[in-house]
Structure formats: structure tokens, C-alpha cells
Amino acid sequence: MESNQSNKNIVWHKGSITKKDRQKLNHHKSMIIWFTGLSGSGKSTLANLVEMALHSEGIRTYLLDGDNIRHGINNNLNFSPEDRKENIRRIAEVGKLFVDAGIVVLAAVISPYAEDRENARSIFGPGEFVEVYVKCPLDECEARDPKGLYKKARAGEIKNFTGISQPYEIPVAPDLVVDTANSNLAESMKLVHEYIKERLQL
Ligand SMILES: Nc1ncnc2c1ncn2[C@@H]1O[C@H](COP(=O)(O)OP(=O)(O)O)[C@@H](O)[C@H]1O
Ligand SMILES: [Mg+2]
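**Brief notes about the overall build of the chain**
The helix and strand inventory of the chain stands at eight helices and five strands. Secondary structure of the chain in N-to-C order comes out as α-β-α-β-α-α-β-α-β-α-α-β-α. By the compact-globule yardstick of 17 Å for 202 residues, the chain fits well, its C-alpha radius of gyration being 17 Å. Seen along its three principal axes, the alpha-carbon backbone of the chain occupies a region of about 55 × 45 × 30 Å.

Following this line, the structure appears as C-alpha cells:
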């Protein structure tokens, strides 16, 4: 999607209350934790558990789950590579607003293309975008099949399914790797939770 040409006549209006001011009020930094991985790898489960842990510690959080976002702001997008790009762009832009608002954002999105993830990272400041690769082999994701989607994809009922009829490009330099096939839920959650906690201090 081309950006709007009339943007050149739109001037940024700087507010007086800054991201730093909002972070100060919250007593912690804000950032986006971007969970990427195959369907069924554990992104939503982990993001939810990490949010619960942070919330109970008084950290202001918000969970942007790709599936949920597709019910609302992204409900006009499908799963073609172009629409996936736009899906990621919007989730990143929404995430950026939340980070500006002083929130720790947990984004759970397959985001199969490295370029789209890099574009997402590029709109954030240093240290604000934490890429978590939720690693799990395709056969294990398929065995879990928590939503029955692999079964449908194998039967040809779903086109453009990541890992089956579309690629998943493995992150080359993620900030964190969580191997959910070889660690249990509690261990996986702890890894991400501790990584974030160490980076919250203003
Ligand atoms: N270590 C783990 N971390 C996260 N999920 C796990 C782990 N081990 C098993 N699972 C299971 O894998 C499934 C992942 O599903 P889900 O979180 O919906 O995946 P995604 O959001 O990536 O599509 C859940 O049923 C979850 O209980
Ligand atoms: Mg999910």
C-alpha cells in the first residue's frame, strides 16, 4: 500500500507530554515484545502468561494478538504476502502508539517474512523492539494443532498457510529464542519474563 501523497502537507504536532513523562508516571520503561513463530508454536500462550506475570507486578501492559487484531482493525486483510505485510505494518504502528503511551506491549503475530519483521523493528527506538523467536518444529506444531488449522491446511481447505503452503523465514538474529518443544510452559515464560524485567528500569 502506497503512503498517502498528501502527507507532505501534514505537519507533525509535537505534544508537551512525552513518552519519557509517561514512563516516569508508570515507573518503568515501555517497549514491544514481538513474538514470532509458526502457528501453534506458543506465541499467544506465552504472551498471555508473560502479561499475567508483569501485570501482577504492577507493570502496565497490553497484548496485541494477531488473531484478535484480524477481527477488528485488520479485518479487511487476508493472508497473501502483501496483506501479511500490511498486517504487520499496522500492528507495529499500533504497538508504537502503545509504547509511546508508556506501555509494555506483547505482540503475538506469526510474521513469517524477515523483511516485514525488520520493517516493524525499524520504526522503534534502540532497545524498544524485542524480537522473541518462538521456536518449535513444524511437526510438533502440527501435532499440537490447537486450532485444528493444520488439519484444514493439509486438506486444502486453507490456502496461504505458513509452514504448509507459505514459507516461514527463521529469524537470523532474534533478541531471544524460546524453544517450546524442549522447555515447558513455565520455563518458556520465565525466560521471556526475566529478559523483560531486566530492561524495565528507567
Ligand atoms: N513451552 C511451551 N510454550 C508455549 N506453548 C506450549 C509450550 N508447550 C506446549 N505448548 C502448547 O502449544 C500450544 C500453542 O498454542 P498457541 O499459543 O495458540 O500458539 P500460537 O499463538 O503460536 O499459534 C498450546 O496448546 C500450548 O499449551
Ligand atoms: Mg496465537
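**Points about the pattern of salt bridges**
Under the counting rule described, the total for this entry stands at 15 salt bridges. One salt bridge connects aspartate 67 with lysine 147, and the closest N-O pair in it is separated by 3.5 Å. Of the two residues, aspartate 67 is situated in helix 3 (residues 66–69) and lysine 147 in the loop between helix 6 (138–144) and helix 7 (149–154); the sequence distance between them amounts to 80 residues. Judged by its relative accessible area of 39%, aspartate 67 is partly exposed. Between lysine 85 and aspartate 116 there is a salt bridge, with its nearest N and O atoms 3.4 Å apart. Of this pair, lysine 85 sits in helix 4 (residues 81–100) while aspartate 116 is found in helix 5 (residues 114–122), placing the two residues 31 residues apart along the sequence. Owing to a relative accessible area of 36%, lysine 85 belongs among the partly exposed residues under this scheme.

**Observations regarding the layout of surface pockets**
Quantified by volume, the largest pocket comes out at close to 600 Å³. Every residue lining the largest pocket is counted, 35 residues in all, and those nearest its centre are Ser39, Lys43, Asp67, Ile110 and Lys147. Within the residue set of the lining of the largest pocket, elements represented by two or more residues are helix 2 (43–56), helix 3, helix 4 and helix 8 (185–197). In this structure, the second largest pocket spans a volume of roughly 400 Å³. In terms of lining residues, the second largest pocket is bounded by 17 residues, among which Trp12, Arg22, Lys96, Leu97 and Asp100 are the most central. Contributions of two or more residues to the lining of the second largest pocket are made by helix 1 (19–26) and helix 4.

**Observations concerning the sheet that holds strand 1 (residues 31–36)**
Through backbone hydrogen bonds, the strands of a sheet pair up, either in parallel or in antiparallel fashion. Spatial ordering of the open sheet is given by 2-3-1-4-5, a layout of five strands whose pairing is parallel. Every other strand in the sheet has two partners, leaving strand 2 (61–65) and strand 5 (176–179) as the edge strands with one partner each. Adjacent strand axes in the sheet meet at a mean angle of 20 degrees when their direction is disregarded. As paired strands, strand 2 and strand 3 (residues 104–108) are joined by five bridges and run parallel to one another. In the sheet register, threonine 61 faces strand 3, and the bridge partner there is valine 104. Of the strands in this sheet, strand 1, strand 2, strand 3, strand 4 (129–135) and strand 5 are in contact with helix 2, which crosses strand 2 at around 170 degrees. Sheet strands in contact with helix 8 are strand 1, strand 3, strand 4 and strand 5, and its direction is about 165 degrees off that of strand 5.

**Focus: the packing of aromatic side chains**
With the rule as written, the count across this model stands at five aromatic pairs. Between tyrosine 133 and tyrosine 168, the ring centres sit 6.1 Å apart and the planes meet at 15 degrees, which makes this aromatic pair stacked. Placement of tyrosine 133 in strand 4 and of tyrosine 168 in the loop between helix 7 and strand 5 is noted, with a sequence separation of 35 residues between them. With relative accessibility at 15%, the residue tyrosine 168 sits in the buried group.

**A closer look at the environment of tyrosine 168**
Spatially, the C-alpha atoms of tyrosine 168 and leucine 38 are 7.1 Å apart, while their sequence positions differ by 130 residues. Not counting residues within four places of it along the chain, the set of residues in contact with tyrosine 168 comprises Thr36, Gly37, Leu38, Ile110, Ser111, Pro112, Arg117, Tyr133 and Thr162. Within the local environment of tyrosine 168, its side chain forms a polar contact with the side chain of threonine 36, the two groups lying 2.7 Å apart.

What counts and what doesn't
All residue numbers refer to positions counted from 1 along the written sequence of the respective chain. Chains carry letters from A onward and ligands carry numbers from 1 onward, assigned in written order. This being a predicted model, a pLDDT of at least 70 is required before a residue's local features are given, and a value of 80 or more before pairs of side-chain atoms are given or counted; all residues contribute to the totals for chains, interfaces and linings. Side-chain calculation: all heavy atoms of the structure are included, whereas hydrogens and water are not. A helix here means a DSSP run of H or I that spans at least four residues, while a strand means a run of E at least two residues long, and both kinds are numbered starting from the N terminus. The globule rule is 2.2 Å times the number of residues to the power 0.38, and the radius of gyration it is compared with is taken over C-alpha atoms. Salt bridges are counted wherever a side-chain nitrogen of Lys or Arg sits within 4 Å of a carboxyl oxygen of Asp or Glu. Residue exposure (1.4 Å probe, protein chains only): buried if accessible area is under 20% of the type maximum, exposed if over 50%, otherwise partly exposed. The distinction between a cavity and a pocket rests on a 1 Å grid over the protein atoms alone: a 1.4 Å probe fits inside a cavity but cannot get out, while a pocket stays open yet meets protein on both sides within 12 Å along at least five of seven lines, and a residue with an atom within 4 Å of a point counts as lining. Grid points are joined across faces, edges and corners, and a volume is the space filled by probe spheres set on the points. Paired strands are those between which DSSP finds at least two bridges. A fitted line through C-alpha atoms represents every axis, and for helices the fit uses only the stretch in contact; the resulting angles, taken between N-to-C directions, go from 0 to 180 degrees. The criterion used for residue contact is that any of the two residues' heavy atoms lie within 4.5 Å. Aromatic rings from Phe, Tyr and Trp, taking only the six-membered ring of Trp, are treated as a pair when their centres fall within 6.5 Å; an angle between ring planes under 30 degrees marks them as stacked, one over 60 as edge-to-face, and anything in between as tilted. Residues adjacent in sequence count toward polar contacts only when both atoms are side-chain atoms; beyond that, a polar contact is any pair of N or O atoms within 3.5 Å, and within protein one must be able to donate a hydrogen and the other to accept it.

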